[in-house]
Amino acid sequence: DGFEAFDLTLRTAEILNGASPSEYTVAFYETFLDASSGVNSFSQPNSYFNINPNSQMIYIGIKEIATNEISVASMLLNVVPKPQFIVNDAVACNDNGMYHFDLGSIAEDIWGQTTSSPNSLSIGFYLTLTDAQNNTNPLSYTYSTQTNNTVLFISAIDLQHSCSSISTLTLVGEDCAGNTCVPPTNIAVTNITNMTATVNWTSLNGETLWEVMILPM
């Protein structure tokens, strides 16, 4: 909506430019007249909400304590929109009990939606919201899982303005062949001759039809 809280105190050291805080005070104002007069300073400069949407000029009063002389400077506040994008569920087929997802292609789609690139928008995928908020333990862009329904968290950081947004991505694993193929167990080969052999195994899903492939060693 064009409004945001600013912690103006983070700029105090830069404003003083090496001058001692014991010799100068820094205060913030909405008008040049207030700043030059030293009245109506912001009561909470560490959490100031702009009163004009998107962009607002504010004024800084720098007062020398010994003389009460005030110098006035200005600073422009800009509200930059957080990265906004839409991601659909990602679907992968069952591959011997594993589901493989190309998260890189999803990042590419986000860069396309936001007209950005890896140099301007950092995109990371995470297993937990805490990791996404702290940018810790990012996942590889090639991600595999045995779970057929996984929710990941996406962190998108605007590298120029250091603003970010977090979204979710649902990974869906499907049996693309229309059935659940579970590898058999207890495979045993007996009665081996030059031309024949007996192969036995244990079916786990009650399967009655099998395809047996014989490969050279």
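Below is a summary of the structure that appears in this document. (Residues numbered from 1 in each chain as written. Predicted model: local features only at pLDDT ≥ 70, side-chain atom pairs only at ≥ 80, totals over all residues. Heavy atoms only, no water.)

1. Notes on the nonpolar core
Here's step 1: If you look at the biggest cluster of nonpolar residues, it comprises 21 residues, and the most contacted ones within it are Leu-103 and Phe-125.
Here's step 2: Listed by contribution, the elements that provide at least two residues to this core are β6 (90-93), β7 (99-102), α3 (103-113), β8 (121-126), β10 (149-158) and β11 (163-174).
Here's step 3: The dominant element in this core, judged by the number of residues it contributes, is α3, at five residues.
Here's step 4: If sequence neighbours within four positions are ignored, Leu-103 has contacts with Phe-125, Ser-140, Tyr-141, Tyr-143, Leu-152, Leu-169 and Leu-171.
Here's step 5: Listed in part, the twelve residues of the second largest apolar core include Tyr-48, Ile-62, Met-75 and Leu-77. (Core = buried A, V, L, I, M, F, W, Y, C linked by side-chain atoms within 4.5 Å. Buried < 20%, exposed > 50% of the residue type's maximum accessible area, 1.4 Å probe, protein only. Helix = DSSP H or I, 4+ residues; strand = E, 2+ residues; numbered from the N terminus. Contact = heavy atoms within 4.5 Å.)

2. Digging into the sheet that holds β11
Strand pairing in a sheet relies on backbone hydrogen bonds, with the paired strands running either antiparallel or parallel.
Here's step 1: With mixed pairing, the four strands of this open sheet are ordered in space as β6-β11-β10-β8. At either margin of the open sheet sits one strand with a lone partner, and together these are β6 and β8. Direction aside, neighbouring strands of the sheet carry axes that sit 25 degrees apart on average.
Here's step 2: Bridging between β8 and β10 involves six bridges; their strand directions are antiparallel. Residue pairing across strands places Gly-124 opposite Ser-155, the latter belonging to β10.
Here's step 3: With respect to the sheet, α3 is in contact with β6, β8, β10 and β11, its orientation differing from that of β8 by roughly 145 degrees. (Pairing = 2+ DSSP bridges. Axes fitted to C-alpha atoms, helices over the stretch in contact; angles between N-to-C directions.)

Any functional reading would require information that these geometric values do not contain.
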